[in-house]
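Chain and residue survey
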Amino acid sequence: MRSSHLASCALIALAFVWNAGPAVNPARAEGPSKAELDAARQALEKYKDPYVAVRDLYLSTVGCVHYSGEKMEGRMEYAKGAMGVHFVNLTVKGPPDLAKPNVLVYEPDGGKLRLVAVEWLVPLAVAKERPTLMGQPFEGPMEGHEPLIPKEFAHYDLHAWLFKDNPNGMFSATNPDVTCEGHPFSLLEEPTKMVPVP
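These lines cover the structure that appears in this document, whether it is placed above or below. Going along each chain's sequence as written, the residues are numbered from 1 onward. Predicted model: local features are reported for residues with pLDDT of at least 70 only, side-chain atom pairs are reported and counted for 80 or more only, and whole-chain, interface and lining totals are derived from all residues. Hydrogens are left out, water is left out, and the side-chain values use all remaining heavy atoms of the structure.

Observations concerning the environment of Met194
Only DSSP runs of H or I covering at least 4 residues are called helices, and only runs of E covering at least 2 are called strands; the numbering of each starts at the N terminus. Relative to the assigned elements, Met194 resides in the segment after strand E9 (186–188). Its relative accessible area of 44% is what places Met194 among the partly exposed residues. For the pair Met194 and His155, spaced 39 residues apart in sequence, the C-alpha to C-alpha distance is 9.5 Å. We call two residues in contact when some of their heavy atoms are within 4.5 Å. Those residues in contact with Met194 that lie beyond four places of it in its chain are Gly74, Arg75, Met76, Pro141 and Met142. Summary of the burial criterion: residues with accessible area below 20% of their type's maximum are buried, those above 50% are exposed, and those between are partly exposed, where the area comes from a 1.4 Å probe applied to protein chains only.

With respect to the sheet that holds strand E1 (residues 58–67)
At least two bridges found by DSSP between two strands are what make those strands a pair. Spatial strand order, E7-E8-E4-E3-E2-E1-E9: seven strands in an open sheet with mixed pairing. Each having just a single partner strand, strand E7 (139–142) and E9 make up the two edges of the open sheet. Here the strands of the sheet are splayed against their neighbours by 35° on average, with no regard to which way each runs. For strand E3 (residues 103–109) and strand E4 (residues 112–123), the ladder comprises seven bridges, and the chain directions are antiparallel. Bridge pairing in E4 links Tyr106 to Leu115. Only the stretch in contact is used when fitting a helix axis, every axis being a line fitted to C-alpha atoms; angles between N-to-C directions are given from 0 to 180 degrees.

Notes on the state of the cysteines
Pairs of cysteine sulfur atoms within 2.5 Å are identified as disulfides in what follows. Under the criterion given, the structure shown has one disulfide. One disulfide in the model links Cys64 with Cys180; its S-S distance is 2.0 Å. Residues Cys64 and Cys180 are joined by a disulfide whose S-S torsion is about -75°; by sign, that bridge is left-handed. Highlighted residues: Cys64 in strand E1 and Cys180 in the loop between strand E8 (155–160) and E9, separated in sequence by 116 residues. Given a relative accessible area of 0%, Cys64 falls into the buried group. Exposure remark for Cys180: the relative accessible area of 2% places this residue in the buried category.

Side note on the pattern of salt bridges
Salt-bridge detection follows one rule: a side-chain nitrogen of Lys or Arg within 4 Å of a carboxyl oxygen of Asp or Glu. The final tally for this structure, using the stated rule, is nine salt bridges. Across the salt bridge formed by Glu190 and Arg75, the nearest N and O atoms sit 3.5 Å from each other. Placement of Glu190 in the segment after E9 and of Arg75 in the loop between E1 and strand E2 (81–89) is noted, with a sequence separation of 115 residues between them. One salt bridge in this structure joins Lys164 and Glu107, with 2.9 Å as the shortest N-O distance. Of the two residues, Lys164 sits in the loop between E8 and E9 while Glu107 sits in strand E3, which places them 57 residues apart along the sequence.

Regarding the pairing of E8
The side chains of a regular strand alternate between the sheet's two faces. Most of E8 is tucked away: six of the six residues are buried. Covered by surrounding structure in E8 are His155, Asp157 and His159 together with Tyr156, Leu158 and Ala160, the residues of both alternating faces. Relative to E8, E4 runs antiparallel, the two sharing six bridges. Its bridge partner lying in E8, Val122 is registered against Tyr156. For E7 and E8, the ladder comprises two bridges, and the chain directions are antiparallel. By the bridge assignment for E8, Glu139 is matched with Asp157.

Scope: geometric values only; no functional claims are made or implied.
Below, the structure is given as structure tokens:
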């Protein structure tokens, strides 16, 4: 319970850090090139070691997040599958940067964590319009993902499965080939509530 409270406090702080950054501008419309994806993977390769991630201020939210695939009115639609364990960096701010995601996502693998994806978060409070990155529109806006992110943290987000193939597509929020099974902090979440654009 204490780790969940700490994660909630961290994400509230993220909203304040973001508000200090510049306004978000949308990226170009075309999709990512192989060169862009390779450059992103190369820049983030060091985070395959979660200890390096922690040294660079990516802090674990502990819970391994997964979804049943249930559809609920007024909520985001997540295909059945998992996201994994999120490591959030509160020092990353400003417009989304391909080489500096706010979140690293790890899959539990025995007693280890394996880097599988990254995620960018943009608070609704600073987004002039729906952000895009690599030609991909962000999902949302939505409430925070309780209990790990306070529901008051309305945001857009975008996942990219740079380190593990995803049958649902590189930018799908969930991956059916990722599992939280056996993880001591497995967390089956309900789909996140959508919020209106101001």
